[in-house]
Amino acid sequence: MRLKKTIAFILFTLSILTISNSKAQEKFGPTPSPQQLAWQEKEFYLFMHFGPNTFTNLEWGKGSEDPNVFNPTQIDCNQWARIAKASGAKGIIITAKHHDGFCLWPSKFSTHTVRESKWMNGKGDVIKMLSEACKKAGIEMGVYISPWDRNHPQYGTPAYNDIYIQTMKELLTGYGKFFELWWDGANGEGQNGKKQVYDFKRFQDSALSYQSHLVIFSDIGPHIRWIGNEDGIINETNWNLLDTAGFKRGEGAPPTDTLNRGNINGKAWIPGEADVSIRKGWFYHEEEDNTVKTDKQLFNLYLKNVGRGGNFLLNVPPNRKGLISSVDSAALMNFKKMRDAAFKTNVLKDAVIKKHGNEMEICLTQAATFNTLQLQEQIKFGQRVISFEIEAGDNENSLKKIAASTTIGRKKIIQFPTVTAKCIKVKITAAKANPVMGAIAGYLIKE
Ligand code: FUL
């Protein structure tokens, strides 16, 4: 039955190939949960840092700011959601609470919130506005809830862990479905000079009891890992696997290089998410308007995160008016155009693919010109490919090596000098088990 389905699948779309023996479709090693698989399909979504820091020009608020500093004069969450949607982003993750403890919703568990500000006469709720806007635009929403809280008087005492759980509960039960919960690793001192001993096990169990489908991000997951830098760049070798035993979030996290590559034999499936800001800081600062990344820089980052099997979390912070600035939205729109143009024409669309052991030979009736290949593993069966090579030529006897790389995972976009060829060979040179490949596509991406 399974074999029949596989044959039908190959006939249906010749650009999809499974190299395997009859046992290959068995799962191998750790595999993603349905929620993780759905999360990986999102590929690209926006981060938004917004709060008192937007108005005080700080990156880390002290927690003692007057709530009245928070005063966006023309806030329009529909504009944020529309821009996100138009850029191809699948959702927005907002700093519901950053380290200064200020809550963008009127939390019952804090006295440092939008309610204490004069903004909308204390009746405003950014989380409500944004959740409605996201629904309207047809995108998803996630929340960053900083465990570090420089305002809360109980921070640094065991009682704070319960307060943090109640705070999460308020958000996770009051605003509809979120796709991701974001935990940064920061663990500084609070008002009383003490650091909190976080009870992450309880935090995690509680969050999942409120929204069981959530994927939770932190340095070490449980579902998604930090990629070890804030530049948006994942290593060329990227395993979706990680060993977390003995490690903690924040200072006790695995070495950044490990987070950047994953562990080849890691025990848990914890894929990487690459976070980076479109501008210098995480929060909006007018003087950084000239640091907004160009469409080309964003595209290059995309190749180094989505093109290396991870997801791209791009921070686009609203300004003091409560709007996305035009320079940021222009860069986002051009980035979208660039992606659309780059991946519009798959030159291997009509190719016939033959498999011989761990090699795939792609033969075309007419030569194609390309400089990029996109490979995929069907990761629901586990991640298997350790390394591969690509050859191209006019026929099977004139093949020359044009590229080589390591790991494939969900998606690998590999670039090389432009070639014109009728024959292409993808050789899996090392694998942990029989590779189960997904689609192969080829593109000519113009500079
Ligand atoms: C870090 C924070 O300390 C930064 O302020 C920022 O929010 C970044 C995305 O995460 O942990």
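Residues numbered from 1 in each chain as written. Predicted model: local features only at pLDDT ≥ 70, side-chain atom pairs only at ≥ 80, totals over all residues. Heavy atoms only, no water.

(A) Quick look at the packing of aromatic side chains. Under the definition given, this model contains 30 aromatic pairs. Here F47 and Y144 contribute two aromatic rings whose centre-to-centre distance is 6.0 Å and whose plane-to-plane angle is 45°, an arrangement assigned as tilted. Linking F47 in strand β1 (residues 44-48) with Y144 in strand β3 (residues 140-145), this pair joins segments that are 97 residues apart in sequence. Residue F47 is classed as buried on the basis of its relative accessible area, which comes to 0%. Judged by relative accessible area, which is 3%, Y144 ranks as buried. Ring centres of F70 and W119 lie 5.4 Å apart, and the angle between their planes is 85°; on these two criteria the pair is classed as edge-to-face. In this pair, F70 sits in the loop between α3 (52-56) and α4 (77-86) while W119 sits in the loop between β2 (91-97) and α5 (126-137), placing the two residues 49 residues apart along the sequence. A residue is classified by how much of its surface remains accessible, and F70, at 0% relative accessible area, is buried. Through pairs of rings, three or more aromatic residues link up here, namely F44, F299, Y302, F312, F335, F343 and Y443. It is R339 that lies over the ring of Y302; its NZ or CZ is 5.8 Å from the centre. The ring of F335 carries R339 above its face, with NZ or CZ at 4.3 Å from the centroid. (Phe/Tyr/Trp six-rings, centres within 6.5 Å; stacked < 30°, edge-to-face > 60°. Helix = DSSP H or I, 4+ residues; strand = E, 2+ residues; numbered from the N terminus. Buried < 20%, exposed > 50% of the residue type's maximum accessible area, 1.4 Å probe, protein only. Lys NZ or Arg CZ within 6 Å of the ring centre and 35° of its normal.)

(B) Quick look at the nonpolar core. In terms of nonpolar packing, the biggest core is built from 72 residues, with L46, W80, I94, I127, M168 and L314 touching the most fellow members. Per-element accounting of this core gives the leading share, six residues, to helix α6 (residues 159-174). Ignoring any residue separated from it by four or fewer positions in sequence, one finds M168 in contact with I145, L181, W183, F203, S206 and A207. F370, F388, I428 and I440 belong to the second largest nonpolar core, which has 25 residues in total. (Core = buried A, V, L, I, M, F, W, Y, C linked by side-chain atoms within 4.5 Å. Contact = heavy atoms within 4.5 Å.)

(C) Structural context of the state of the cysteines. On inspection of all chains with the given rule, the structure shows zero disulfides. Residue C134 stays outside any disulfide, its sulfur separated by 8.1 Å from that of C77, the closest cysteine. The class for C134 is buried, based on a relative accessible area of 2%. (Disulfide = S-S within 2.5 Å.)

(D) Examining the site of the ligand more closely. Every residue near the ligand is listed here: F47, H49, W60, H98, H99, Y144, W182, D184, E230, D275 and W282. Between H49 and the ligand, the recorded distance is 2.7 Å, taken from a side-chain N or O atom to an oxygen atom. Contacts to the ligand include H99, whose side-chain N or O atom sits 2.8 Å from an oxygen atom. Considered on its own, the ligand offers 290 Å² of accessible surface; in the complex 89% of this is hidden by protein. (Near = heavy atom within 4 Å. Polar contact = N/O pair within 3.5 Å; in protein donor to acceptor, adjacent residues only side chain to side chain. Areas by Shrake-Rupley, 256 points an atom, 1.4 Å probe, with all protein chains shown as cover.)

(E) How the structure looks around the pairing of strand β9 (residues 272-277). Most of β9 sits out of view: six of its six residues are buried. Pairing analysis gives two bridges linking strand β6 (residues 224-226) to β9, with the strands arranged parallel. Along β9, the bridge assignment pairs W226 with E273. Relative to strand β10 (residues 311-315), β9 runs parallel, the two sharing five bridges. Considered in β10, the bridge of A274 is made with F312. Tracing the backbone out of β9, into helix α9 (residues 295-305) and back to the parallel element β10 gives a crossover that is right-handed. (Pairing = 2+ DSSP bridges. Right-handed = clockwise from strand over helix to strand, strands pointing away.)

All quantities given are derived from atomic positions and should not be read as evidence of function.
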